[in-house]
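Overview (structure and organization)
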Amino acid sequence: MCHTDVHIVCNDFASTMYPIVPGHELVGVVSEVGSNVTRVKVGSLVAVGCTIDSCMDCDMCEAGEENYCRKGGHTHTYNSKKTHGHIGGNQETQNFGGYSRSEVVHERFIVTLPDNTPLAKAAPLVCAGITMWDPLRHWGATKGDKKMKIGVAGVGGLGTMGIKIAAALGHEVVAISRNDKKKDLATEKGANHYIDMSDTTSINEHNNSMDLILNTICAPHCIAKYLGLLRTNGTLVQLGAVATPLDFMNFSLLPQRKSIAGSMVGGLKSLQECVDFCVEKEIYPDIEIIDSSKVDEVYVKLSEGNSSAVRYVLDIEASL
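To start, this report covers the structure provided alongside it. Every value quoted in this text rests on a predicted model; they were computed, and no experiment measured them.

Broken down by element type, the protein carries eleven helices and 13 strands. By the compact-globule yardstick of 20 Å for 320 residues, the protein fits well, its C-alpha radius of gyration being 19 Å. Within the protein, buried positions represent 51% of all 320 residues. In the protein, once contacts between residues fewer than 6 apart in sequence are set aside, the share between residues at least 24 apart is 61%. As presented, the protein carries roughly 15,100 Å² of accessible surface, and 49% of it is formed by carbon and sulfur atoms. Distance between charge centres in the protein, computed from 29 positive and 37 negative side chains, equals 5 Å.

Shown next as structure tokens:
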């Protein structure tokens, strides 16, 4: 279960099509395949992430970046129009997501999992994992040919995953949070340093030093202080689905050629790389398995900032 589920269910982006069935972090076992399917078979362990369809023939899709499809955009796993024709059912209705007993998916949008994969732990990899992996990949942090100083802003379910991945890749990792309450948690997950954004001394120790900051914060916040942490040519990557505008001064960027960028999940090639890496290295988010009776309670926790930093996993079978 993702904080984005809460935003969309509550119509925070003014784009929700009710009725809605959320869920874009799906794992399970293949129960049936079509006659032309070649990548998986009945009994295969698979996952489905945030993209369930695209045009498949634009330059971005051909490059394996279906999430940036140029012909109508990618189709999100739920609350999307069936734009591209590869999703069955009534083409006039929106699609429904993973809080369901089953899902029918074109094989292109399936991620394969090794037989020994712990399914519950693997589920958040296709959202939290890829959200952190893809910007690391794009800005050169997954190649292994250079070590970087990487900040992770927000030490929640998404941020702790970023700390784990960046640390496993061998980088110097700085956890960034609004106070000092999550310092021990961040250190436990692999952070080399911790910045308390309420403490000027803590901030000044790392000003003008980071190559890359992955900003996972979903609540409205001021990004000016985060820009000061970047070194020359550094990039602040916005990952959190903040529903209000963010303010900054151009002179926070101009003198040292700093950049603000965005990133949204990842294409299928990157997603498979992410899952393969995390399963091989046994990098998983901290999870709590729940049934459907706990969904409302979890939504409240997520909307209040998820102080536990766990990813909640909905057990469909236990909910029936």
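Moving on, we get to the sheet that holds strand E6 (residues 149-153). In space, the six strands of this open sheet follow the order E8-E7-E6-E9-E10-E11, with parallel pairing throughout. The sheet terminates laterally at strand E8 (193-196) and strand E11 (259-262), the two strands that pair on one side only. Going across the sheet, the axis of each strand differs from the next one's by a mean of 20°, ignoring polarity. Judged from the four bridges that link them, E6 and strand E9 (residues 210-215) form a sheet pairing that is parallel. Bridge pairing links Ala153 to Asn215 in E9. Each of E6, E9 and strand E10 (230-238) is contacted by helix H4 (residues 128-138), which is oriented at about 155° to E9, the strand it contacts most. Seen against the sheet, helix H5 (residues 157-168) touches E6 and strand E7 (172-177) and runs at an angle of roughly 165° to E7.

Inspection of every chain in the model, using the stated rule, returns one aromatic pair. Arranged with centres 5.1 Å apart and planes meeting at 40°, the rings of Trp133 and Phe277 form a pair that is tilted. Of the two residues, Trp133 sits in helix H4 while Phe277 sits in helix H9 (residues 268-281), which places them 144 residues apart along the sequence. On the basis of relative accessible area, Trp133 is assigned to the buried category, the value being 5%.

Okay, the nonpolar core next. As a rule of thumb, soluble globular proteins bury nonpolar side chains together. Ranked by internal contacts, the top residues of the largest apolar core, which has 47 residues, are Leu125, Leu136, Ile163, Ile165, Val275 and Cys278. When residues of this core are traced back to their parent elements, those giving at least two are strand E2 (45-48), H4, E6, H5, E7, E9 and H9. Considering each element in turn, this core owes the most residues, seven residues, to H9. In this structure, Leu136 is in contact with Ala141, Thr142, Ile150, Ile165, Ala166, Leu169, Leu212 and Leu214, ignoring residues within four places of it in sequence.

Moving on, we come to the side chain of Glu107. Along the chain, Glu107 turns up in the loop between strand E4 (75-76) and strand E5 (111-112). With no salt bridge to any partner, buried Glu107 finds its closest opposite charge in Arg39, at an N-O distance of 5.3 Å. When near neighbours in sequence (up to four residues on either side) are disregarded, Glu107 contacts Asn36, Val37, Thr38 and Arg39.

One can find Lys294 in the loop between strand E12 (287-290) and helix H10 (295-303). A residue is classified by how much of its surface remains accessible, and Lys294, at 38% relative accessible area, is partly exposed. With 20 residues separating them in the primary sequence, Lys294 and Leu314 have C-alpha atoms 8.9 Å apart.

Our next topic: the environment of Ala63. Among the structural elements, Ala63 can be located in the loop between helix H2 (59-62) and E4. Exposure remark for Ala63: the relative accessible area of 46% places this residue in the partly exposed category. Spatially, the C-alpha atom of Ala63 lies 8.6 Å from that of Lys269, the residues being 206 residues apart in sequence.

A word on empty space enclosed by the protein. Here the structure, examined in full by the defined rule, presents one cavity of 30 Å³ or more. In this structure, the largest cavity occupies an estimated 50 Å³ of space. Around the largest cavity, the lining residues are Gly49, Cys50, Thr51, Phe109, Val126, Ile130, Val265, Gly266, Leu268 and Leu271. When grouped by side-chain class, the residues that make up the lining of the largest cavity number seven nonpolar, three polar and no charged.

Another aspect to go through is the pairing of strand E13 (residues 311-314). Of the two faces of E13, the one lined by Arg311 and Val313 and the one lined by Tyr312 and Leu314 are each fully buried. As paired elements, E12 and E13 share four bridges and run parallel to each other. Directly across from Glu288, in E13, lies its bridge partner Tyr312. With respect to chirality, the unit in which E12 leads through H10 into the neighbouring parallel E13 is right-handed.

Here we take up the sheet that holds E5. Spatial ordering of the open sheet is given by E1-E2-E5, a layout of three strands whose pairing is antiparallel. Both outer strands of the open sheet, strand E1 (26-29) and E5, are each paired with one neighbouring strand and no more. As paired strands, E2 and E5 are joined by two bridges and run antiparallel to one another. Within E5, the position partnered with Ala47 by the bridge is Val111.

Take H9 next. Under the 1.5 Å per step criterion, the end-to-end length of H9 is 20 Å for 14 residues, consistent within 8% with the ideal 20 Å. The secondary structure elements touched by the buried residues of H9 are E5, H4 and H5. At the exit of H9 stands Glu282, carrying a positive phi of roughly 55°.

So, how was this worked out
- Each residue is numbered by its place in its chain's sequence as written, counting from 1.
- For a predicted model such as this one, the threshold for reporting local features is a pLDDT of at least 70, and the threshold for listing and counting side-chain atom pairs is 80 or more; totals across whole chains, interfaces and linings nevertheless cover every residue.
- The side-chain numbers reported here are obtained from all heavy atoms of the structure, hydrogens and water having been left aside.
- Put simply, DSSP marks the helices as runs of H or I at least four residues long and the strands as runs of E at least two long, and each gets a number from the N terminus on.
- We compute the radius of gyration from the C-alpha atoms alone; for a globule the expected value is 2.2 Å times N to the 0.38, where N is the number of residues.
- The cut-offs for exposure are 20% and 50% of the maximum accessible area for each residue type, with area from a 1.4 Å probe on protein chains only; residues under the lower value are buried, those over the upper are exposed, and the others partly exposed.
- The contact criterion used is simple: two residues touch if any of their non-hydrogen atoms lie within 4.5 Å.
- Calculation of accessible area relied on Shrake-Rupley with a 1.4 Å probe; when residues are assessed, cover is drawn exclusively from the protein chains displayed.
- The positive count covers Lys and Arg only, the negative count covers Asp and Glu only, and His and the chain ends enter neither.
- For this purpose, a charge sits on NZ of Lys, CZ of Arg, CG of Asp or CD of Glu.
- By definition, two strands form a pair when at least two bridges between them are found by DSSP.
- Axis definition: a line fitted to C-alpha atoms, limited for helices to the stretch in contact. Angles are taken between N-to-C directions and run from 0 to 180 degrees.
- Side-chain rings of Phe, Tyr and Trp, where Trp is taken by its six-membered ring, are said to pair if the distance between their centres is within 6.5 Å; with planes under 30 degrees apart they count as stacked, over 60 as edge-to-face, and otherwise as tilted.
- Put simply, a nonpolar core is a bunch of buried Ala, Val, Leu, Ile, Met, Phe, Trp, Tyr and Cys residues held in one set by side-chain atoms that sit within 4.5 Å of each other.
- Counted as salt bridges are all cases of a side-chain nitrogen of Lys or Arg within 4 Å of a carboxyl oxygen of Asp or Glu.
- Think of a 1 Å grid over just the protein atoms. A cavity is a set of points where a 1.4 Å probe fits yet cannot get out, a pocket is an open set with protein on both sides within 12 Å along at least five of seven lines, and lining residues have an atom within 4 Å of a point.
- Grid points are joined across faces, edges and corners, and a volume is the space filled by probe spheres set on the points.
- As a working rule, the residues Ala, Val, Leu, Ile, Met, Phe, Trp, Tyr, Cys and Pro are called nonpolar, Asp, Glu, Lys and Arg charged, and the rest polar, with Gly in that last group.
- By convention, orient the strands away from the viewer: a clockwise path from the first strand over the helix to the second makes the crossover right-handed.
- One less than the number of residues in a helix, times 1.5 Å, gives the span that helix is expected to have.

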